[in-house]
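# Structure assessment
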Amino acid sequence: MPDRAVLDAAGFSQSEVDDWLAGTPPESDAFEAASSAACAHLTRGEELHARLPPRPRRTPAEADAAAFLRTTLDAARARFLRAHAEAVYATLTGDLGRPVRDEELVHAAAERFPGLTPTRAQLAAERDRALPEKEGVEIAQGLFLSFVLASPRCGGHLVWSMLRPTEEALARLDEFRATGVADLGQTYLERRGGAAHLEIRNDRHLNAEDCVTLPTTEVAVDLALLDPAVEVGVVRGAVVSHPRYAGRRVFGAGLNLTHLYRGRIDYLFFVTRDLGYVNKLYRGLSAEEYRPGEPEETTEKLWIAAVETFAIGGACQILHTVDHVIAERGSRLYLPARKEGILPGASNLRLARSVGDRLARQAILSGLEFEAGTPHGDLLCDEIVEPGGEMDEAVERRVEALTSSGLVNAAGNRRALRVGAEPLDLFRQYMATFCREQAYCHLSPALVRNLETHWNAHERQL
(Lines give C-alpha, C1' and ligand atoms only; values in the text may rest on other atoms or scores of the structure.)
Protein backbone atom coordinates (compact mmCIF):
# COMPACT_ATOMS: atom_id res chain seq x y z
CA MET A 1 0.00 0.00 0.00
CA PRO A 2 1.46 3.44 -0.89
CA ASP A 3 2.60 5.52 2.09
CA ARG A 4 -0.17 8.10 2.06
CA ALA A 5 -2.77 5.39 1.47
CA VAL A 6 -1.78 3.84 4.83
CA LEU A 7 -2.79 7.07 6.55
CA ASP A 8 -5.88 7.54 4.40
CA ALA A 9 -7.09 4.05 5.36
CA ALA A 10 -6.82 4.95 9.04
CA GLY A 11 -9.20 7.88 8.64
CA PHE A 12 -6.86 10.86 8.35
CA SER A 13 -8.04 13.51 5.92
CA GLN A 14 -6.31 14.03 2.61
CA SER A 15 -5.45 17.63 3.40
CA GLU A 16 -3.78 16.94 6.76
CA VAL A 17 -1.80 14.07 5.28
CA ASP A 18 -0.71 16.26 2.37
CA ASP A 19 0.26 19.09 4.71
CA TRP A 20 2.32 16.80 6.92
CA LEU A 21 4.10 15.02 4.08
CA ALA A 22 4.78 18.35 2.37
CA GLY A 23 6.54 19.50 5.54
CA THR A 24 9.19 16.79 5.38
CA PRO A 25 12.41 18.69 6.16
CA PRO A 26 14.85 19.07 3.27
CA GLU A 27 18.50 18.26 3.69
CA SER A 28 20.13 21.46 4.90
CA ASP A 29 23.45 22.54 6.35
CA ALA A 30 21.90 25.52 8.15
CA PHE A 31 21.32 24.36 11.72
CA GLU A 32 18.67 26.86 12.76
CA ALA A 33 16.58 26.39 9.63
CA ALA A 34 17.00 22.62 9.72
CA SER A 35 16.06 22.34 13.41
CA SER A 36 13.00 24.55 12.96
CA ALA A 37 11.73 22.50 10.01
CA ALA A 38 12.52 19.18 11.69
CA CYS A 39 10.78 20.12 14.94
CA ALA A 40 7.66 21.30 13.10
CA HIS A 41 7.49 18.08 11.09
CA LEU A 42 8.15 15.83 14.11
CA THR A 43 5.66 17.64 16.34
CA ARG A 44 2.92 17.44 13.72
CA GLY A 45 3.61 13.76 13.15
CA GLU A 46 3.40 13.04 16.89
CA GLU A 47 0.06 14.86 16.99
CA LEU A 48 -1.26 12.61 14.24
CA HIS A 49 -0.02 9.53 16.08
CA ALA A 50 -1.66 10.68 19.32
CA ARG A 51 -5.06 10.75 17.60
CA LEU A 52 -4.98 7.00 17.00
CA PRO A 53 -6.63 4.72 19.58
CA PRO A 54 -4.42 3.00 22.17
CA ARG A 55 -2.42 0.13 20.74
CA PRO A 56 -4.63 -2.72 22.06
CA ARG A 57 -7.78 -1.17 20.52
CA ARG A 58 -6.51 -0.38 17.02
CA THR A 59 -7.93 -1.84 13.87
CA PRO A 60 -5.45 -3.40 11.43
CA ALA A 61 -5.56 -0.20 9.35
CA GLU A 62 -4.87 1.94 12.42
CA ALA A 63 -2.03 -0.37 13.48
CA ASP A 64 -0.46 0.02 10.02
CA ALA A 65 -0.80 3.80 10.25
CA ALA A 66 0.79 3.87 13.72
CA ALA A 67 3.73 1.78 12.53
CA PHE A 68 4.16 3.97 9.46
CA LEU A 69 4.10 7.18 11.51
CA ARG A 70 6.56 5.85 14.07
CA THR A 71 8.98 4.58 11.40
CA THR A 72 8.74 7.78 9.36
CA LEU A 73 9.27 10.01 12.39
CA ASP A 74 12.30 8.04 13.57
CA ALA A 75 13.76 8.20 10.05
CA ALA A 76 13.31 11.98 10.06
CA ARG A 77 15.03 12.19 13.45
CA ALA A 78 17.94 10.15 12.14
CA ARG A 79 18.32 12.39 9.06
CA PHE A 80 18.40 15.50 11.20
CA LEU A 81 20.79 14.07 13.79
CA ARG A 82 23.10 12.70 11.13
CA ALA A 83 23.80 16.28 10.09
CA HIS A 84 23.30 18.19 13.34
CA ALA A 85 23.82 15.99 16.42
CA GLU A 86 26.93 17.89 17.46
CA ALA A 87 25.17 21.25 17.22
CA VAL A 88 22.23 19.93 19.23
CA TYR A 89 24.52 18.57 21.93
CA ALA A 90 26.53 21.78 22.09
CA THR A 91 23.31 23.74 22.53
CA LEU A 92 22.18 21.54 25.41
CA THR A 93 25.51 21.50 27.26
CA GLY A 94 26.72 25.08 26.85
CA ASP A 95 29.14 23.99 24.15
CA LEU A 96 30.32 21.09 26.31
CA GLY A 97 30.87 23.47 29.20
CA ARG A 98 29.02 21.43 31.83
CA PRO A 99 28.30 17.77 32.58
CA VAL A 100 24.76 16.67 31.68
CA ARG A 101 23.59 13.15 32.55
CA ASP A 102 21.68 11.15 29.97
CA GLU A 103 18.24 11.60 31.56
CA GLU A 104 18.64 15.36 31.88
CA LEU A 105 19.99 15.45 28.32
CA VAL A 106 17.02 13.71 26.67
CA HIS A 107 14.55 15.85 28.64
CA ALA A 108 16.41 19.02 27.67
CA ALA A 109 16.36 17.89 24.03
CA ALA A 110 12.59 17.42 24.17
CA GLU A 111 12.12 20.95 25.51
CA ARG A 112 14.60 22.76 23.27
CA PHE A 113 13.91 20.73 20.11
CA PRO A 114 10.25 19.63 20.29
CA GLY A 115 9.62 16.25 18.71
CA LEU A 116 13.25 15.16 18.74
CA THR A 117 12.81 13.09 21.91
CA PRO A 118 9.63 12.24 23.87
CA THR A 119 8.20 14.73 26.34
CA ARG A 120 7.87 14.00 30.04
CA ALA A 121 4.13 13.56 29.52
CA GLN A 122 4.69 11.01 26.76
CA LEU A 123 7.15 9.10 28.94
CA ALA A 124 4.77 9.13 31.91
CA ALA A 125 2.01 7.70 29.74
CA GLU A 126 4.37 5.08 28.33
CA ARG A 127 5.46 4.07 31.83
CA ASP A 128 1.85 3.23 32.70
CA ARG A 129 1.67 0.71 29.85
CA ALA A 130 2.76 -2.91 30.00
CA LEU A 131 5.50 -3.83 27.54
CA PRO A 132 3.11 -5.32 24.91
CA GLU A 133 1.12 -2.07 24.90
CA LYS A 134 3.93 0.48 24.65
CA GLU A 135 3.95 2.90 21.72
CA GLY A 136 7.71 2.92 21.16
CA VAL A 137 8.34 6.59 21.88
CA GLU A 138 11.58 5.74 23.70
CA ILE A 139 13.21 4.64 20.44
CA ALA A 140 13.71 8.35 19.77
CA GLN A 141 15.85 8.54 22.92
CA GLY A 142 17.96 5.65 21.68
CA LEU A 143 18.51 7.29 18.30
CA PHE A 144 19.44 10.60 19.87
CA LEU A 145 21.94 9.10 22.32
CA SER A 146 23.38 6.86 19.60
CA PHE A 147 24.19 9.82 17.38
CA VAL A 148 25.63 11.79 20.30
CA LEU A 149 27.90 8.91 21.29
CA ALA A 150 28.94 8.31 17.68
CA SER A 151 30.57 11.75 17.72
CA PRO A 152 34.07 11.56 19.26
CA ARG A 153 33.72 15.11 20.58
CA CYS A 154 30.21 14.88 22.04
CA GLY A 155 30.26 11.20 22.90
CA GLY A 156 33.47 11.56 24.86
CA HIS A 157 31.93 14.41 26.81
CA LEU A 158 28.80 12.37 27.60
CA VAL A 159 30.88 9.42 28.84
CA TRP A 160 32.84 11.83 31.06
CA SER A 161 29.59 13.38 32.33
CA MET A 162 28.16 10.00 33.29
CA LEU A 163 31.32 9.21 35.27
CA ARG A 164 30.92 12.25 37.50
CA PRO A 165 29.59 11.55 41.03
CA THR A 166 25.84 11.84 41.48
CA GLU A 167 24.38 14.75 43.44
CA GLU A 168 22.91 12.38 46.02
CA ALA A 169 26.30 10.81 46.66
CA LEU A 170 27.88 14.21 47.20
CA ALA A 171 25.07 15.12 49.60
CA ARG A 172 25.58 11.89 51.59
CA LEU A 173 29.38 11.84 51.57
CA ASP A 174 30.05 13.61 54.89
CA GLU A 175 27.63 11.34 56.74
CA PHE A 176 29.16 8.22 55.20
CA ARG A 177 32.67 9.34 56.03
CA ALA A 178 31.62 9.97 59.62
CA THR A 179 29.59 6.79 60.19
CA GLY A 180 30.93 4.33 57.62
CA VAL A 181 27.37 3.29 56.80
CA ALA A 182 24.96 4.23 54.01
CA ASP A 183 21.63 2.39 54.11
CA LEU A 184 20.10 3.27 50.77
CA GLY A 185 17.26 0.77 50.90
CA GLN A 186 17.89 -1.50 47.95
CA THR A 187 21.65 -1.09 48.42
CA TYR A 188 23.62 -1.15 51.66
CA LEU A 189 27.19 0.15 51.96
CA GLU A 190 29.42 -0.34 55.00
CA ARG A 191 33.07 0.48 55.48
CA ARG A 192 34.98 -2.15 57.44
CA GLY A 193 38.58 -1.20 57.86
CA GLY A 194 39.79 -0.13 54.42
CA ALA A 195 37.09 -2.03 52.50
CA ALA A 196 33.67 -0.77 51.46
CA HIS A 197 31.21 -3.67 51.37
CA LEU A 198 28.41 -3.01 48.89
CA GLU A 199 25.43 -5.30 49.30
CA ILE A 200 22.57 -5.60 46.78
CA ARG A 201 19.23 -5.96 48.58
CA ASN A 202 16.21 -6.77 46.44
CA ASP A 203 14.84 -9.73 48.37
CA ARG A 204 11.51 -10.13 46.55
CA HIS A 205 13.28 -10.51 43.20
CA LEU A 206 16.44 -12.42 44.21
CA ASN A 207 18.59 -9.28 44.13
CA ALA A 208 17.62 -8.46 40.55
CA GLU A 209 18.23 -5.03 39.07
CA ASP A 210 15.49 -2.56 38.15
CA CYS A 211 14.68 1.14 38.13
CA VAL A 212 14.49 1.14 41.94
CA THR A 213 17.85 -0.53 42.60
CA LEU A 214 19.88 1.26 39.93
CA PRO A 215 20.04 4.75 41.51
CA THR A 216 20.92 3.41 44.96
CA THR A 217 23.63 1.13 43.60
CA GLU A 218 25.27 3.97 41.68
CA VAL A 219 25.21 6.20 44.77
CA ALA A 220 26.86 3.42 46.79
CA VAL A 221 29.62 3.03 44.19
CA ASP A 222 30.15 6.80 44.19
CA LEU A 223 30.47 6.90 47.98
CA ALA A 224 33.01 4.07 47.99
CA LEU A 225 35.08 5.86 45.36
CA LEU A 226 34.82 9.30 47.01
CA ASP A 227 35.72 8.22 50.55
CA PRO A 228 39.52 8.43 50.95
CA ALA A 229 39.35 5.91 53.83
CA VAL A 230 38.15 3.24 51.40
CA GLU A 231 40.94 1.33 49.69
CA VAL A 232 39.01 -1.46 48.01
CA GLY A 233 35.35 -2.27 47.27
CA VAL A 234 33.51 -5.56 47.69
CA VAL A 235 30.28 -6.31 45.80
CA ARG A 236 28.04 -9.01 47.24
CA GLY A 237 24.41 -10.09 47.16
CA ALA A 238 22.32 -10.10 50.33
CA VAL A 239 20.73 -13.13 52.00
CA VAL A 240 17.31 -13.84 50.47
CA SER A 241 14.08 -15.33 51.82
CA HIS A 242 12.82 -17.04 48.66
CA PRO A 243 11.75 -20.58 49.65
CA ARG A 244 14.14 -22.15 47.18
CA TYR A 245 17.17 -20.17 48.41
CA ALA A 246 16.13 -19.16 51.93
CA GLY A 247 19.08 -18.18 54.12
CA ARG A 248 21.52 -18.10 51.24
CA ARG A 249 23.25 -15.15 49.64
CA VAL A 250 22.45 -14.60 45.98
CA PHE A 251 24.81 -12.42 43.95
CA GLY A 252 22.10 -11.35 41.53
CA ALA A 253 19.29 -12.56 39.28
CA GLY A 254 19.99 -10.01 36.54
CA LEU A 255 17.28 -7.79 35.14
CA ASN A 256 13.93 -7.80 36.93
CA LEU A 257 11.95 -9.45 34.13
CA THR A 258 8.63 -9.04 35.89
CA HIS A 259 9.15 -5.29 36.02
CA LEU A 260 10.33 -5.33 32.41
CA TYR A 261 7.19 -7.07 31.16
CA ARG A 262 4.91 -4.86 33.25
CA GLY A 263 6.48 -1.75 31.75
CA ARG A 264 8.38 -0.66 34.85
CA ILE A 265 11.83 -0.76 33.22
CA ASP A 266 12.42 2.40 31.19
CA TYR A 267 14.60 2.15 28.10
CA LEU A 268 16.95 4.67 29.69
CA PHE A 269 17.66 2.18 32.50
CA PHE A 270 19.94 0.23 30.16
CA VAL A 271 21.92 3.29 29.08
CA THR A 272 22.23 4.83 32.54
CA ARG A 273 23.33 1.52 33.99
CA ASP A 274 26.21 0.93 31.58
CA LEU A 275 27.34 4.54 31.22
CA GLY A 276 27.00 5.14 34.96
CA TYR A 277 27.03 2.43 37.64
CA VAL A 278 28.80 -0.34 35.70
CA ASN A 279 31.29 1.95 34.00
CA LYS A 280 32.16 3.52 37.36
CA LEU A 281 33.05 0.08 38.69
CA TYR A 282 35.30 -0.34 35.66
CA ARG A 283 36.70 3.18 35.21
CA GLY A 284 36.09 5.04 38.45
CA LEU A 285 34.99 8.67 38.66
CA SER A 286 36.06 11.16 36.02
CA ALA A 287 38.05 14.31 36.72
CA GLU A 288 36.26 17.55 37.54
CA GLU A 289 37.31 19.08 34.23
CA TYR A 290 36.75 17.52 30.82
CA ARG A 291 40.10 17.24 29.05
CA PRO A 292 39.72 15.33 25.77
CA GLY A 293 42.86 13.91 24.24
CA GLU A 294 44.68 13.58 27.56
CA PRO A 295 45.36 10.34 29.47
CA GLU A 296 42.46 9.19 31.64
CA GLU A 297 42.40 10.97 35.00
CA THR A 298 40.13 8.97 37.28
CA THR A 299 39.42 8.31 40.93
CA GLU A 300 39.26 4.55 41.03
CA LYS A 301 39.78 1.63 43.34
CA LEU A 302 40.09 -2.11 43.13
CA TRP A 303 36.87 -4.13 43.34
CA ILE A 304 36.19 -7.69 44.49
CA ALA A 305 33.05 -9.62 43.55
CA ALA A 306 31.94 -12.30 46.01
CA VAL A 307 29.64 -14.58 44.00
CA GLU A 308 27.29 -17.01 45.71
CA THR A 309 24.46 -19.15 44.26
CA PHE A 310 24.30 -17.45 40.86
CA ALA A 311 25.21 -14.37 38.86
CA ILE A 312 22.70 -14.07 36.05
CA GLY A 313 22.54 -11.48 33.27
CA GLY A 314 23.53 -8.08 34.59
CA ALA A 315 25.07 -9.66 37.69
CA CYS A 316 27.31 -11.74 35.43
CA GLN A 317 28.22 -8.60 33.47
CA ILE A 318 29.67 -7.12 36.67
CA LEU A 319 32.29 -9.88 36.70
CA HIS A 320 33.84 -8.41 33.53
CA THR A 321 34.55 -5.10 35.33
CA VAL A 322 36.01 -6.05 38.71
CA ASP A 323 39.57 -6.94 39.60
CA HIS A 324 39.06 -10.19 41.51
CA VAL A 325 36.18 -12.66 41.42
CA ILE A 326 35.71 -15.10 44.28
CA ALA A 327 32.98 -17.64 43.54
CA GLU A 328 31.39 -20.44 45.47
CA ARG A 329 31.85 -23.75 43.72
CA GLY A 330 28.74 -24.60 41.72
CA SER A 331 27.57 -21.01 41.31
CA ARG A 332 25.89 -20.48 37.94
CA LEU A 333 27.27 -17.65 35.81
CA TYR A 334 25.43 -16.89 32.62
CA LEU A 335 23.89 -14.36 30.25
CA PRO A 336 20.33 -15.27 29.20
CA ALA A 337 20.38 -12.71 26.39
CA ARG A 338 19.11 -15.17 23.80
CA LYS A 339 16.01 -15.99 25.83
CA GLU A 340 15.42 -12.38 26.85
CA GLY A 341 15.86 -10.77 23.45
CA ILE A 342 17.99 -7.81 24.57
CA LEU A 343 21.69 -6.91 24.52
CA PRO A 344 23.62 -8.06 27.62
CA GLY A 345 25.06 -4.69 28.54
CA ALA A 346 28.71 -4.40 27.54
CA SER A 347 29.30 -8.16 27.58
CA ASN A 348 29.53 -8.18 23.78
CA LEU A 349 32.57 -5.95 24.24
CA ARG A 350 34.10 -7.52 27.35
CA LEU A 351 33.24 -11.19 27.76
CA ALA A 352 35.60 -12.49 25.07
CA ARG A 353 38.57 -11.04 26.94
CA SER A 354 37.93 -13.59 29.70
CA VAL A 355 36.65 -16.66 27.89
CA GLY A 356 37.69 -16.19 24.24
CA ASP A 357 35.62 -15.34 21.20
CA ARG A 358 34.04 -18.74 20.57
CA LEU A 359 32.81 -19.27 24.12
CA ALA A 360 31.60 -15.66 24.26
CA ARG A 361 29.53 -16.18 21.11
CA GLN A 362 28.13 -19.42 22.50
CA ALA A 363 27.20 -17.70 25.75
CA ILE A 364 25.53 -14.67 24.15
CA LEU A 365 24.01 -16.18 21.04
CA SER A 366 23.29 -19.75 22.15
CA GLY A 367 22.81 -19.56 25.92
CA LEU A 368 25.95 -21.40 27.07
CA GLU A 369 26.11 -21.37 30.88
CA PHE A 370 29.26 -21.29 33.01
CA GLU A 371 29.62 -22.93 36.40
CA ALA A 372 32.18 -21.91 38.98
CA GLY A 373 34.61 -24.72 39.65
CA THR A 374 34.62 -26.08 36.10
CA PRO A 375 37.25 -25.36 33.42
CA HIS A 376 34.98 -23.01 31.44
CA GLY A 377 33.46 -21.39 34.50
CA ASP A 378 36.84 -20.70 36.06
CA LEU A 379 37.70 -18.46 33.12
CA LEU A 380 35.35 -15.92 34.75
CA CYS A 381 36.73 -16.43 38.27
CA ASP A 382 40.00 -15.86 40.09
CA GLU A 383 39.33 -17.95 43.17
CA ILE A 384 36.94 -20.79 44.05
CA VAL A 385 35.71 -21.48 47.59
CA GLU A 386 33.58 -24.31 48.89
CA PRO A 387 29.98 -23.60 49.91
CA GLY A 388 29.21 -23.33 53.59
CA GLY A 389 31.02 -20.37 55.09
CA GLU A 390 34.41 -19.99 53.39
CA MET A 391 33.48 -16.79 51.50
CA ASP A 392 33.91 -14.35 54.40
CA GLU A 393 37.47 -15.47 55.11
CA ALA A 394 38.34 -15.51 51.41
CA VAL A 395 37.14 -11.92 51.02
CA GLU A 396 39.16 -10.79 54.03
CA ARG A 397 42.30 -12.47 52.68
CA ARG A 398 41.86 -10.86 49.28
CA VAL A 399 41.27 -7.40 50.72
CA GLU A 400 44.49 -7.72 52.68
CA ALA A 401 46.40 -8.98 49.64
CA LEU A 402 45.19 -6.19 47.37
CA THR A 403 45.88 -3.38 49.82
CA SER A 404 49.15 -4.53 51.38
CA SER A 405 51.41 -2.85 48.81
CA GLY A 406 49.55 0.44 48.52
CA LEU A 407 46.78 1.73 46.29
CA VAL A 408 48.72 4.15 44.09
CA ASN A 409 50.53 1.32 42.37
CA ALA A 410 47.34 -0.78 42.19
CA ALA A 411 45.22 1.99 40.67
CA GLY A 412 47.95 2.84 38.17
CA ASN A 413 48.28 -0.75 37.02
CA ARG A 414 44.51 -1.11 36.87
CA ARG A 415 44.21 1.98 34.68
CA ALA A 416 47.04 0.83 32.40
CA LEU A 417 45.49 -2.62 31.98
CA ARG A 418 42.17 -1.06 31.05
CA VAL A 419 43.62 1.40 28.56
CA GLY A 420 45.28 -1.48 26.77
CA ALA A 421 42.18 -3.66 26.74
CA GLU A 422 39.37 -1.14 26.30
CA PRO A 423 40.35 2.42 25.37
CA LEU A 424 37.74 5.00 26.28
CA ASP A 425 37.02 5.69 22.62
CA LEU A 426 36.33 2.01 21.95
CA PHE A 427 33.77 2.01 24.77
CA ARG A 428 32.19 5.17 23.36
CA GLN A 429 31.79 3.57 19.93
CA TYR A 430 30.34 0.41 21.48
CA MET A 431 27.77 2.41 23.43
CA ALA A 432 26.73 4.29 20.28
CA THR A 433 25.74 0.95 18.77
CA PHE A 434 24.30 -0.31 22.05
CA CYS A 435 21.98 2.68 22.47
CA ARG A 436 20.36 2.19 19.07
CA GLU A 437 20.16 -1.60 19.10
CA GLN A 438 18.89 -1.84 22.67
CA ALA A 439 16.13 0.67 21.91
CA TYR A 440 14.76 -1.50 19.11
CA CYS A 441 15.19 -4.71 21.14
CA HIS A 442 13.53 -3.24 24.22
CA LEU A 443 10.41 -2.32 22.28
CA SER A 444 10.21 -5.29 19.92
CA PRO A 445 7.43 -7.89 19.71
CA ALA A 446 10.17 -10.53 19.92
CA LEU A 447 11.05 -9.43 23.46
CA VAL A 448 7.41 -9.70 24.52
CA ARG A 449 7.17 -13.17 22.99
CA ASN A 450 10.41 -14.30 24.63
CA LEU A 451 9.31 -13.10 28.06
CA GLU A 452 5.98 -14.87 27.75
CA THR A 453 7.49 -18.08 26.35
CA HIS A 454 10.60 -18.50 28.48
CA TRP A 455 9.64 -16.69 31.70
CA ASN A 456 5.83 -16.87 31.87
CA ALA A 457 6.04 -13.13 32.42
CA HIS A 458 2.36 -12.55 31.67
CA GLU A 459 1.45 -14.73 34.67
CA ARG A 460 3.78 -13.12 37.21
CA GLN A 461 2.68 -10.36 39.54
CA LEU A 462 4.62 -7.29 40.62
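Our structure is the block above this text.
Every value quoted in this text rests on a predicted model; they were computed, and no experiment measured them.

Conventions and cut-offs
- Residues numbered from 1 in each chain as written.
- Predicted model: local features only at pLDDT ≥ 70, side-chain atom pairs only at ≥ 80, totals over all residues.
- Heavy atoms only, no water.
- Helix = DSSP H or I, 4+ residues; strand = E, 2+ residues; numbered from the N terminus.
- Rg over C-alpha atoms; globule rule 2.2 N^0.38 Å.
- Buried < 20%, exposed > 50% of the residue type's maximum accessible area, 1.4 Å probe, protein only.
- Contact = heavy atoms within 4.5 Å.
- Pairing = 2+ DSSP bridges.
- Axes fitted to C-alpha atoms, helices over the stretch in contact; angles between N-to-C directions.
- Parallel < 35°, antiparallel > 145°, perpendicular 65-115°, else oblique.
- Left-handed = near helix turned anticlockwise from the far one by under 90°.
- Nonpolar A, V, L, I, M, F, W, Y, C, P; charged D, E, K, R; others polar.
- Polar contact = N/O pair within 3.5 Å; in protein donor to acceptor, adjacent residues only side chain to side chain.
- Phe/Tyr/Trp six-rings, centres within 6.5 Å; stacked < 30°, edge-to-face > 60°.
- Right-handed = clockwise from strand over helix to strand, strands pointing away.

Once that is clear, we can look at the overall build of the protein. A count of helical and extended segments in the protein gives 20 helices and twelve strands. A globule of 462 residues ought to have a C-alpha radius of gyration of about 23 Å, and the protein, at 23 Å, matches this closely. Each principal axis of the C-alpha distribution contributes one length, and for the protein these read about 75 × 50 × 45 Å. Per-residue burial for the protein yields a buried fraction of 55% across its 462 residues. Summarising the internal contacts of the protein: among those between residues at least 6 apart in sequence, 73% fall at separations of at least 24.

To continue, consider the sheet that holds strand β4 (residues 232-237). Within a sheet, adjacent strands bond to each other through the backbone by hydrogen bonds, running parallel or antiparallel. Read from one edge of the open sheet, seven strands run β1-β2-β3-β4-β7-β9-β12, paired in mixed fashion. Looking at the sheet topology across the chains shown, the edges are occupied by β1 (181-183) and β12 (383-385). When the angles between neighbouring strand axes are averaged without regard to direction, this sheet yields 15°. Inspection of the sheet shows strand β3 (residues 195-200) paired to β4 by six bridges, in the parallel sense. Bridge pairing links Ala 196 to Gly 233 in β4. Sheet strands in contact with helix α9 (residues 167-179) are β1 and β2 (187-192), and its direction is about 125° off that of β1. Contacts between helix α10 (residues 213-226) and the sheet are confined to β1, β2, β3 and β7 (302-307), with β2 contributing the most and set at about 15° to the helix.

Here we take up the sheet that holds strand β11 (residues 370-371). On the basis of which strands lie adjacent, the open sheet formed by three strands has the order β8-β10-β11 and mixed pairing. Strand pairing shows two members of the sheet lacking a second neighbour, β8 (310-312) and β11, which therefore form its edges. Direction of pairing for strand β10 (residues 332-334) relative to β11: antiparallel, over a ladder of two bridges. Each residue of the ladder has a partner; that of Arg 332, found in β11, is Glu 371.

Running from N to C, helix α12 (residues 267-283) and helix α19 (residues 424-442) cross one another at 155°; their axes reach a closest spacing of 9 Å. With respect to α19, the axis of α12 lies roughly antiparallel. Between α12 and α19 the crossing geometry is right-handed. Facing Tyr 267, Phe 270, Val 271, Asp 274, Leu 275, Asn 279 and Arg 283 of α12, the residues of α19 in contact are Leu 424, Phe 427, Met 431, Phe 434, Cys 435, Gln 438, Ala 439 and His 442. Classifying every residue of the contact of α12 with α19 gives ten nonpolar, three polar and two charged.

Summarising the element assignment, Thr 298 is placed in strand β6 (residues 298-299). With a relative accessible area of 16%, Thr 298 lands in the buried category. Side-chain polar atoms of Thr 298 contact the side chain of Glu 300, separated by 2.5 Å. In terms of polar contacts, Thr 298 uses its side chain to reach the side chain of Arg 415, at 3.0 Å. Residue contacts for Thr 298: discarding those within four places in its chain leaves Arg 283, Leu 285, Arg 415 and Arg 418.

Attention shifts here to the packing of aromatic side chains. Tallying each qualifying case throughout the model produces six aromatic pairs. Judged by centre distance (6.4 Å) and plane angle (20°), the ring pair of Phe 31 and Phe 80 falls under stacked. Here Phe 31 is found in helix α3 (residues 31-50), whereas its partner Phe 80 is found in helix α4 (residues 60-92), with 49 residues between them in sequence. Comparing Phe 31 with Phe 80 shows no difference in burial state: the two are buried. An angle of 40° between the planes, with centres 5.5 Å apart, marks the rings of Trp 160 and Tyr 290 as tilted.

Counted residue by residue, β3 has six buried out of six residues, so it is predominantly covered. The alternating pattern of β3 places Ala 195, His 197 and Glu 199 on one face and Ala 196, Leu 198 and Ile 200 on the opposite face, and all of these are buried. The pairing of β2 with β3 spans six bridges and is classified as antiparallel. Residue pairing in the sheet places Leu 189 in a bridge with Leu 198 of β3. As a crossover connection, the stretch from β3 through α10 into β4 is right-handed.

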